[in-house]
Amino acid sequence: MTTKGIDPPVTVAVAPTSTPLATFDVTQTGTLTVQVENTDAAQTLACTVQRRATLTSDFVDTTVPDLASIAPLASACVDLDCAANTDIRIVGVASGAGLNATICGRDRPRLR
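Criteria and cut-off values
Residues numbered from 1 in each chain as written. Predicted model: local features only at pLDDT ≥ 70, side-chain atom pairs only at ≥ 80, totals over all residues. Heavy atoms only, no water. Core = buried A, V, L, I, M, F, W, Y, C linked by side-chain atoms within 4.5 Å. Buried < 20%, exposed > 50% of the residue type's maximum accessible area, 1.4 Å probe, protein only. Helix = DSSP H or I, 4+ residues; strand = E, 2+ residues; numbered from the N terminus. Contact = heavy atoms within 4.5 Å. Phe/Tyr/Trp six-rings, centres within 6.5 Å; stacked < 30°, edge-to-face > 60°. Lys NZ or Arg CZ within 6 Å of the ring centre and 35° of its normal. Pairing = 2+ DSSP bridges. Axes fitted to C-alpha atoms, helices over the stretch in contact; angles between N-to-C directions. Salt bridge = Lys/Arg side-chain N within 4 Å of Asp/Glu carboxyl O. Disulfide = S-S within 2.5 Å.

A. Just the nonpolar core, in detail. Ranked by internal contacts, the top residues of the largest apolar core, which has 25 residues, are F24, V34, V36, L67, I90 and I103. Of all the secondary structure elements, the ones that give two or more residues to this core are β2 (6–14), β3 (19–25), β4 (29–38), β5 (45–52), β7 (75–81), β8 (87–94) and β9 (99–109). Not counting residues within four places of it along the chain, the set of residues in contact with V36 comprises L21, L45, C47, L67, I70, A74, S75, A76, I90, T102 and I103.

The structure is reproduced here in structure tokens:
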């Protein structure tokens, strides 16, 4: 699912392998704020922020650490500068058999 923003949060089943939580179309976005909540009481959720510069480019991992390790029943929030990207994708991995997480995002338009 590609979207400009997600509000209210949506629930996503996250596997113990790389699982896309959401893809955001940021072609008109200056800043994107994303919050991910780990709703599992026992497992850790590891998320990676990925981006691509053009629609034909592959997604690449960023070095943004804010969502890297979300403890059980905790959440994390990150503000992303999107000025030179077309898409931002959040990918997660559960530390155990799988978990549910919620994700939401708000965008602020680019200044011209």
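B. Local environment of the packing of aromatic side chains. Here the structure, examined in full by the defined rule, presents zero aromatic pairs. For the cation-ring pair, R89 lies above F59, with the distance from its terminal atom to the ring centre recorded as 3.9 Å.

C. Broad picture of the sheet that holds β7. Ordered in space as β2-β9-β4-β7, the four strands form an open sheet in which the pairing is antiparallel. This sheet does not close on itself; its edge strands, each paired only once, are β2 and β7. Neighbour-to-neighbour, the strand axes of the sheet open up by a mean angle of 20 degrees, direction not taken into account.

D. Structural context of the pattern of salt bridges. Tallied over the entire structure, the rule returns two salt bridges. For D7, the salt bridge identified is with R106, shortest N-O distance 2.8 Å. With D7 in strand β2 and R106 in strand β9, this pair connects stretches of sequence that are 99 residues apart. Residue classification places D7 among the exposed residues on the basis of a relative accessible area of 53%. In this structure R106 comes out as exposed when scored by relative accessible area, which is 54%.

E. Inspection of the pairing of β9 at higher detail. Here β2 runs beside β9; their pairing, made up of six bridges, is antiparallel. Residue V14 lies in a different strand from β9, and its bridge partner there is L99. As paired elements, β4 and β9 share nine bridges and run antiparallel to each other. Its bridge partner lying in β9, T29 is registered against P109.

F. Local environment of the environment of D40. In this structure, D40 sits in the loop between β4 and β5. On a C-alpha basis, the gap between D40 and D87 in space is 28 Å, while along the polypeptide they are 47 residues apart.

G. Up close: the pairing of β5. Here β5 runs beside β8; their pairing, made up of eight bridges, is antiparallel. Of the residues in β8, the one forming a bridge with T48 is V91. Of the pairings in the sheet, the one linking β5 to strand β6 (residues 60–61) comprises two bridges and is antiparallel in character. Looking across to β6, one finds that Q50 is bridged to D61.

H. Main features of the state of the cysteines. Inspection of every chain in the model, using the stated rule, returns zero disulfides. Here C82 is not disulfide-linked; the sulfur of C77 is the nearest cysteine sulfur, at 13 Å. For C82, a relative accessible area of 0% corresponds to the buried category. No disulfide involves C104; its sulfur sits 7.1 Å from the nearest other cysteine sulfur, which is in C77.

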